[in-house]
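A structural walkthrough
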Amino acid sequence: DVKVTQSSRYLVKRTGEKVFLECVQDMDHENMFWYRQDPGLGLRLIYFSYDVKMKEKGDIPEGYSVSREKKERFSLILESASTNQTSMYLCASSLPARRTVNTGELFFGEGSRLTVL
Amino acid sequence: AQTVTQSQPEMSVQEAETVTLSCTYDTSESNYYLFWYKQPPSRQMILVIRQEAYKQQNATENRFSVNFQKAAKSFSLKISDSQLGDTAMYFCAFTAPQGGSEKLVFGKGMKLTVNP
């Protein structure tokens, strides 16, 4: 089974702190994603990476950056956390369309609930 | 830009009943994929069912089936014989890889409660 592991289930940080959210997948997936989930807003894509060192902005990249130095690991960075970044963060991974018949099947981690005070 | 709309924020149903969750989408792409994902309380999001736009036949997975109306850009999920374990958030999603990016666009979700 594919396993996507997010480093922290719950975090509490102060405004202005630098925050790292780590995500590791064990199935050699090229694609990795960071989504933010808020009630009534669904899932919104922050960043997407389709290979090592490759990234693409999603719909809400402002205030976030990402790092993909190794294929299995995709990190989300909040350079200076703000209260409006309090949210649930979901990491996901998938195979690219050229390597699967199940295009678009994402495998999700359990989520990281971040509270910024 | 592609958009996915789920207009019902919440529904409840009795165990063993059938329930239909609605979803509409908008795209100019000709080849795309549609999905229903399920997020049980405090658990990981998982794929329920997947539909390729070029296939006319509606996808089915055990108690889950879809009604895909391509011209109307409608993609509803029918859950038959509802079970307590079907209680979850359900998200409709879309991707069009040939458009250049393999990211999924999600709807706002719908909370389904199955009552005993």
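Below or above, wherever it landed, is the structure these notes cover. (Residues numbered from 1 in each chain as written. Chains lettered and ligands numbered in written order. Predicted model: local features only at pLDDT ≥ 70, side-chain atom pairs only at ≥ 80, totals over all residues. Heavy atoms only, no water.)

Re the interface of chain A and chain B
- Contacts between the two partners involve 28 residues from chain A, matched on the other side by 20 residues from chain B.
- Counting each side, the surface lost to burial between chain A and chain B is near 1,800 Å², with a carbon and sulfur contribution of 52%.
- Considering only the side of chain A, the residues that lose the most area to chain B are Leu-43, Thr-103 and Phe-108 of chain A, jointly responsible for 27% of the buried surface there.
- One can count zero salt bridges joining chain A with chain B. (Contact = heavy atoms within 4.5 Å. Buried area = accessible area lost by both parts, 1.4 Å probe. Salt bridge = Lys/Arg side-chain N within 4 Å of Asp/Glu carboxyl O.)

As for the sheet that holds strand S3 (residues 19-25) of chain A
All names here are of chain A.
- Spatially, S1-S3-S8-S7 is the arrangement adopted by the four strands of the open sheet, whose pairing is antiparallel. Among the strands making up the open sheet, the edge pair consists of strand S1 (4-6) and strand S7 (65-70). Taking each pair of neighbouring strands and ignoring which way they run, the sheet shows an average axis angle of 20°.
- Two elements, S7 and strand S8 (residues 73-78), share four bridges in a ladder whose sense is antiparallel. Looking at the pairing, Lys-70 lines up with Arg-73 of S8. (Pairing = 2+ DSSP bridges. Helix = DSSP H or I, 4+ residues; strand = E, 2+ residues; numbered from the N terminus. Axes fitted to C-alpha atoms, helices over the stretch in contact; angles between N-to-C directions.)

A few points about the pattern of salt bridges
Residues and elements named next belong to chain A.
- Scanning the model with the defined rule gives 12 salt bridges over all chains in all.
- Linking Lys-53 and Glu-69 is a salt bridge whose minimum nitrogen-to-oxygen distance equals 2.4 Å. Taken as a pair, Lys-53 in the loop between strand S5 (42-51) and strand S6 (54-57) and Glu-69 in strand S7 lie far apart in primary sequence, 16 residues in all.
- Classification of Glu-69 by relative accessible area gives exposed; the value is 52%. (Buried < 20%, exposed > 50% of the residue type's maximum accessible area, 1.4 Å probe, protein only.)

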